[in-house]
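# Overview (structure and organization)
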Amino acid sequence: MKKIVLFIVLISTSILSSCQTEDFMEEIQLEQDSIPEVEDVVIKIEKYMKQNSSGSVQGASCYGDYLFQFQDHNANVYIYNLKEKSFIEKVAMEPISLNHCNNVSFSNIFYEKGDEFPLLYVSGSGSGTYNQVQVYRIFHNNNIFSFVKVQNITFPKGNDTNHMFWAQVMLDNEEGYMYVLSKKKSEGGTFISKFDVPSIDNPNVNLIDDDIIEQFEVTNSKHKQGAVIHKGFLYILYGVPAWGDTNYFRVIDLVNKDDYMTINISEMGFNQEFEGLTVYNDMLIAPTNGSGIFSIKLYLK
């Protein structure tokens, strides 16, 4: 039986309603056939650290203790140390007007042996049919960072068959695949497509419909923000409160190809525009568009 780890810790309801300290939490592992019922799960979101950014910041991903959040149009990258809860620096990039940088995802692929960071995949555009991914190699010396684009991946143009509109990419590093989150041209379902990760030997990759290993549809999520894959589950934040949206936190089971849970977090008072979503230690980390960086944990009642 394949073991799937969900971001859930065991805690009593009485403790959850009071102090919620780490001393009372016991992390558990769940088999795919024993995932808890949604009504037995409680979500906890809290401010993790302040944010030092300006302009429209978007997707983010972390590796080790470092968090990288990209700005719209590739204008800048904001870098944080999550362990020290400190801002490191802003790195100017070559702006690309069509790049929205809506989602950022670290791979487990190192460009060269000895690199400190694996390759970073940046996707999402301001156009529903501009389906490109920029792959970056990161250099780091004494808290000075630089980025070199080593690959450009182009996905099939969206049509009524592949539903590859407003595509963004997440890496499944446990299983070695690349997933694309997209939607129909008009309002409708959300589609999840599975691809092999292209070899880094080719600097320009053009994928076609036949490269889709499998695809499935789930109910639509409006204005998708950050997304990350961990142990067979796809975690998504979506909603732009400034546009009248409700904020939602959603979990999709990639093994069973179905929704696991959707939680209205606007009802909990979280009306910030969440952007990136990434995994750090035993939690999810969610930067916003200037309102701070938050942690997200799930608990069993």
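My aim in this report is to walk through the structure given alongside it, one point at a time. Counting from 1, residues in each chain are numbered in the order their sequence is written. The predicted nature of this model means local features are confined to residues of pLDDT at least 70 and side-chain atom pairs, given and counted, to a pLDDT of 80 or more, with totals for whole chains, interfaces and linings taken over all residues. Calculated side-chain values reflect all of the structure's heavy atoms, with hydrogen atoms and water omitted.

## A short note on the side chain of N152
Note the cut-off: Put simply, DSSP marks the helices as runs of H or I at least four residues long and the strands as runs of E at least two long, and each gets a number from the N terminus on. Exposure categories follow from relative accessible area, calculated using a 1.4 Å probe and restricted to protein chains: below 20% of the type maximum is buried, above 50% is exposed, and the middle band is partly exposed. Under this definition, polar contacts are N or O atom pairs within 3.5 Å; protein pairs additionally need one hydrogen-donor-capable and one acceptor-capable atom, and for neighbouring residues in sequence, both atoms have to be side-chain atoms. Any two residues whose heavy atoms approach within 4.5 Å are treated as being in contact.
Relative to the elements of secondary structure, N152 occurs in strand 13 (residues 144–154). By relative accessible area, which is 11% here, N152 ends up buried. A distance of 2.9 Å separates a polar atom in the side chain of N152 from a polar atom in the side chain of Q132. Ignoring any residue separated from it by four or fewer positions in sequence, one finds N152 in contact with Q132, V133, Q134, P203, N204 and V205.

## Observations concerning the layout of surface pockets
Defined as follows: A 1.4 Å probe that fits into a set of points on a 1 Å grid over the protein atoms alone but cannot get out defines a cavity; an open set with protein on both sides within 12 Å along at least five of seven lines defines a pocket, and lining residues are those with an atom within 4 Å of a point. Grid points are joined across faces, edges and corners, and a volume is the space filled by probe spheres set on the points. Note that Gly is not counted as nonpolar here; it falls among the polar residues with everything else outside the nonpolar set of Ala, Val, Leu, Ile, Met, Phe, Trp, Tyr, Cys and Pro and the charged set of Asp, Glu, Lys and Arg.
Taken as a whole, the largest pocket spans an internal volume of roughly 540 Å³. Lining the largest pocket are 21 residues, with N102, W166, H223, K224 and W243 sitting closest to its centre. When residues of the lining of the largest pocket are traced back to their parent elements, those giving at least two are strand 10 (99–106), strand 11 (120–125), strand 14 (165–172) and strand 19 (224–230). Sorting elements by how many residues they give to the lining of the largest pocket places strand 14 first, with three residues. Partitioned by chemical class, the residues of the lining of the largest pocket number four nonpolar, 11 polar and six charged. The computed volume of the second largest pocket comes to approximately 370 Å³. Taken together, 22 residues make up the lining of the second largest pocket; nearest its centre are C62, F106, N173, T278 and V279. The set of elements that each furnish at least two residues to the lining of the second largest pocket consists of strand 6 (57–63), strand 10, strand 19 and strand 23 (278–280). Tallying contributions element by element places strand 19 first for the lining of the second largest pocket, with four residues.

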